[in-house]
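# Observations on the three-dimensional arrangement
One-letter residues, chain by chain:
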Amino acid sequence: MAGNVTIDPRAWAEAVKKPAIQHVRSLKSGLMLDVRRLIGSFRYQHAILLRQKLKSQMKANESRFSCATCGVPVYLACSTSKRFFFRHRHEDGSCPAITRSSFTEADIRAMQYRGAQESKAHKRVKELLIRSLAADARFLDQQCEKTWRASEGLAGLRRPDVSARIDSLRLAFEVQLSTTFLDVVLSRREFYRSERAALLWIVPNFHPSYRRMTDDDILFGNNSNIFVVDDASVAASEHRGRLMFTCWYRKPRVQGDEIVDDWIEELVEWDDLEINLDQQTVCAFNYIAAETALNQQIRENQLARAAETEQAAIREQEARDQRLREQAFNLVSSYDERDDYIIREQDWLDLNRSLTERECGLNSKQPDYSKLARMVSLIETARNGRPIGFGYGSLAEIAHHLFHQHPDYLFAFGHLLDAFGTKAILDRDDRTGKWKMKVAKERETMRSDPKFKMPEDEELLLAFLSGNRSRSTLANNDSSNTDRKLAA
Ligand SMILES: [Zn+2]
């Protein structure tokens, strides 16, 4: 066989250039699927596993796909160039799609020749494996090509290349050369799974950039670990008195938001291996677990970045809000009656436009500047606990003034005092108790009369200016505790 195409396990799988079967039908959903798109939706490593799964299911008469043209069950096959296509389970000439090729005599002769060559290599690897096992006294009952009969009434028998036992665990070793077909790999895996025995595939050599199809079948079916027995591993086994292998495995790491793999070659001891009889995997490194953890880490990183971006946006918005607030306060505090009214009015209209963009401007086309001035004065008064911007000497006087002149601002004043912690000053200012009496007397009116209710746009603006975006804490919407706030 000339050349070898080796695909990156994480690369997207590709269909052969001209698949004979272009559409398959999912027997689960009944949907017709485009073969190229279906194959291209898997990464190579997963396409290899899918191919194994479909083959196993077909052998158990549980096909998942059929040919969309003739309805015969199909399975996934892989070309020598590691491209995928679907093949009929059987072909009798009734379907125009021809997916099964017959071998020429020359093909068969070439295969037989290769078989003879391989049997020599096969024998040599088996000998190396036996020497490795013999070096470790814990391994008992080592046997070569001994028939393994299915126990517990299960059908079948196998003749593993080498078998052995450690404690109560029975082991089968298969030396893997290029002629092993997928069917054989799958049926052996099934056999030893039902036997509750561990099956280890051994290859004479491995290199990640030169992988045969059978290497990939074993590698990806074994959690991305593959074992080599060669002169070096045998020498290590004999030197340490422990069964050793050269193990190649993939090790994932994060690069940006992607996982990339490093290939690791490591001399491993039997005790370092993790054996999973249900999965029929034996591995030095649990690739799937590591990959799952990294995917989780990538997701968490993405979430953390998104949260950070959101926080930054909030901080930016807060800074913009603060600038807008300062603009409003500066406009009011710097305005002098002697200043040009036209200029001030222009500034105010500009400001209200910015406030409206922030959804807290006054609605009118000619918004009343005095409302802004009143709000700023109320906020400054409440913040400082003394009248600012009002021609009055005490907070109690301001309360009376609002009650008569601007009743719609009265509740807001109470809330502002509360928010800035200056409510006690109003109570102290109310030496005569007049304000307290007024609140008690007018309680019902204040609660029900709409003149005590602030227009919505003004309410929003006041909430924004006071740094409190939650409207209900300022306005007369929450009447249950409003009078408590105005009069203790
Ligand atoms: Zn067909």
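Up top is the structure.
To keep things clear, this report deals only with the structure shown in the data block. Treat the numbers as computed from the prediction; the structure is a model and nothing was measured.

Time to look at the coordination of the zinc ion. The protein atoms that coordinate the zinc ion are Cys67 (SG), Cys70 (SG), His88 (NE2) and Cys95 (SG), at distances spanning 2.1 to 2.3 Å. If you look at the zinc ion, its four donor atoms make angles of 102 to 120° with each other, and the shape they trace is tetrahedral. Along the chain, the residues that donate to the zinc ion are spaced as C-x2-C-x17-H-x6-C. Residue classification places His88 among the buried positions, given a relative accessible area of 1%. What makes Cys95 buried here is its relative accessible area of 5%.

Our next topic: empty space enclosed by the protein. If you roll a probe as big as a water molecule over the atoms, it shows you where there is empty space left. This structure, assessed with the given rule, holds two cavities of 30 Å³ or more. Taken as a whole, the largest cavity spans an internal volume of roughly 100 Å³. Looking at the lining of the largest cavity, the elements with two or more residues in it are β11 (198-203), α5 (213-221) and β12 (225-228). Its residues assigned to classes, the lining of the largest cavity shows seven nonpolar, four polar and one charged. Approximately 50 Å³ is the volume attributed to the second largest cavity. Taken together, Cys70, Val72, His88, His90, Glu91, Asp92, Ser94 and Cys95 make up the lining of the second largest cavity. Tallied by class, residues from the lining of the second largest cavity come to three nonpolar, three polar and two charged.

With that settled, the discussion passes to the pairing of strand β1 (residues 23-26). Side chains of β1 alternate between two faces, with Val24 and Ser26 buried and His23 and Arg25 left unburied. Of the pairings in the sheet, the one linking β1 to strand β2 (residues 32-34) comprises three bridges and is antiparallel in character. Each residue of the ladder has a partner; that of Val24, found in β2, is Leu33. The antiparallel hairpin formed by β1 and β2 contains five residues in its connecting segment, where Gly30 sits at a positive phi of about 80°. As paired elements, β1 and strand β3 (residues 65-67) share three bridges and run antiparallel to each other. From the neighbouring strand, Arg25 faces β3, where its bridge partner is Ser66.

Let's shift gears to the sheet that holds β2. The sheet built from five strands is open, its strands ordered β2-β1-β3-β4-β5 with antiparallel pairing. Each end of this open sheet is capped by a strand with a single partner; those strands are β2 and β5 (84-88). Geometrically, the sheet is characterised by an average inter-axis angle of 50° between neighbouring strands, direction not taken into account. Across the sheet, helix α2 (residues 44-59) is in contact with β3, β4 (73-78) and β5; its angle to β4 comes to roughly 145°.

A cluster of like positive charges, contributed by Lys146, Arg149, Arg159 and Arg170, occupies part of the molecular surface. As for its placement among the helices and strands, Lys146 is situated in the loop between β6 (139-144) and β7 (148-149).

This part covers the sheet that holds strand β10 (residues 169-175). Hydrogen bonding along the main chain pairs the strands of a sheet, whether they run parallel or antiparallel. With mixed pairing, seven strands are arranged side by side in an open sheet as β6-β9-β10-β11-β12-β13-β14. A single partner strand is all that each edge strand has here, and the edge strands are β6 and β14 (258-269). The mean inter-strand angle of the sheet, taken between neighbouring strand axes irrespective of direction, is 30°. Helix α6 (residues 231-240) contacts β12, β13 (244-255) and β14 of the sheet and is inclined by roughly 110° relative to β13.

With that out of the way, let us pick up helix α14 (residues 456-465). Within α14, eight of the ten residues are buried, which leaves the element mostly enclosed by the surrounding structure. Along α14, the positions that sit buried rather than exposed are Asp457, Glu458, Glu459, Leu461, Leu462, Ala463, Phe464 and Leu465. Contacts from the buried residues of α14 go to α7 (287-334), α8 (341-357), α9 (369-384) and α11 (410-420). Backbone geometry just after α14 places Gly467 at a positive phi near 80°.

Bringing the packing of helix α10 (residues 395-405) against helix α13 (residues 434-448) into the picture now. Remark: α10 packs on α13, axes separated minimally by 11 Å, with the N-to-C direction vectors making an angle of 30°. In terms of axis orientation, α10 runs roughly parallel to α13. Crossing of α10 against α13: the hand is left-handed. Between α10 and α13, the contacting residues are Ala399, His400, Phe403 and His404 on the first element and Lys434, Trp435, Lys438, Glu442 and Met446 on the second. Of the residues contributing to the contact of α10 with α13, the split by class is four nonpolar, two polar and three charged.

Another point: unusual backbone geometry. Most peptide bonds adopt trans geometry, and most residues besides glycine take a negative phi value. The backbone of Gln280 sits at a positive phi, close to 55°, despite the residue not being glycine. Here Gln280 shows up in the loop between β15 (274-276) and β16 (281-283). Using a relative accessible area of 6% as the deciding quantity, one classes Gln280 as buried. Even without being a glycine, Glu359 presents a positive backbone phi close to 65°. Note on placement: Glu359 falls in the loop between α8 and α9. For Glu359, a relative accessible area of 63% translates into the label exposed.

Next up on the list: the pairing of β10. A regular strand carries its side chains on alternate faces of the sheet. Across the seven residues of β10, six count as buried, placing the element largely inside the fold. Relative to β10, strand β9 (residues 162-166) runs antiparallel, the two being bridged by five bridges. By the bridge assignment for β10, Ser163 is matched with Ala172. In this structure, β10 lies alongside β11, joined through five bridges in parallel fashion. Its bridge partner being in β11, Leu171 is matched across the sheet by Ala198.

Cut-offs and rules
Numbering of residues begins from 1 in every chain and follows the order in which that chain's sequence is written. At least 70 in pLDDT is required for a residue's local features to be given in this predicted model, at least 80 for side-chain atom pairs to be given and counted, and no such filter applies to totals for whole chains, interfaces and linings, which use all residues. Based on all heavy atoms of the structure, the side-chain values leave hydrogens and waters out of the count. Coordinating N, O and S atoms are those within 2.8 Å of the metal (3.2 Å for Na, K and Ca), and as water is not part of the atoms, a site may appear to have fewer donors than expected. Angular criteria define each label, namely tetrahedral for four donors with all angles between 85 and 135 degrees, square planar for four and octahedral for six donors with opposite donors over 155 degrees apart and remaining angles between 65 and 115, and irregular for whatever fails these tests. Accessibility here uses a 1.4 Å probe with only protein chains present; expressed as a share of the type maximum, an area under 20% marks a residue as buried, one over 50% as exposed, and anything in between as partly exposed. A 1.4 Å probe that fits but cannot get out identifies a cavity on a 1 Å grid over protein atoms alone, an open set with protein on both sides within 12 Å along at least five of seven lines counts as a pocket, and a residue lines either if it has an atom within 4 Å of a point. Grid points are joined across faces, edges and corners, and a volume is the space filled by probe spheres set on the points. Counting from the N terminus, the helices are the DSSP runs of H or I reaching at least four residues and the strands are the DSSP runs of E reaching at least two. Gly is put with the polar residues, along with every residue not named as nonpolar or charged; the nonpolar set is Ala, Val, Leu, Ile, Met, Phe, Trp, Tyr, Cys and Pro, and the charged set is Asp, Glu, Lys and Arg. One bridge is not enough; two strands pair if DSSP finds at least two bridges between them. Lines fitted to C-alpha atoms define the axes, with helix axes restricted to the stretch in contact, and inter-axis angles between N-to-C directions lie between 0 and 180 degrees. Contacts: residue pairs with any heavy atoms within 4.5 Å of one another. For patch building, the residue pool is restricted to those with more than 30% relative accessible area and no salt bridge; the joining distance is 9 Å between like charges and 5 Å between nonpolar side chains (Val, Leu, Ile, Met, Phe, Trp, Tyr). Accessibility throughout is a Shrake-Rupley quantity obtained with a 1.4 Å probe, and a residue counts as covered only by protein chains that appear here. Should a side-chain nitrogen of Lys or Arg be within 4 Å of a carboxyl oxygen of Asp or Glu, the pair is scored as a salt bridge. Charge assignment: positive for Lys and Arg, negative for Asp and Glu; neither His nor the chain ends contribute. Charge coordinates come from a single atom per side chain, which is NZ of Lys, CZ of Arg, CG of Asp or CD of Glu. An angle counts as roughly parallel when it lies under 35 degrees, as roughly antiparallel when it exceeds 145, as roughly perpendicular when it falls between 65 and 115, and as oblique in every other case. For a crossing to be left-handed, the near helix must be turned anticlockwise from the far one by less than a right angle; the clockwise case is right-handed.

Shape is all these values report; function is a separate question.
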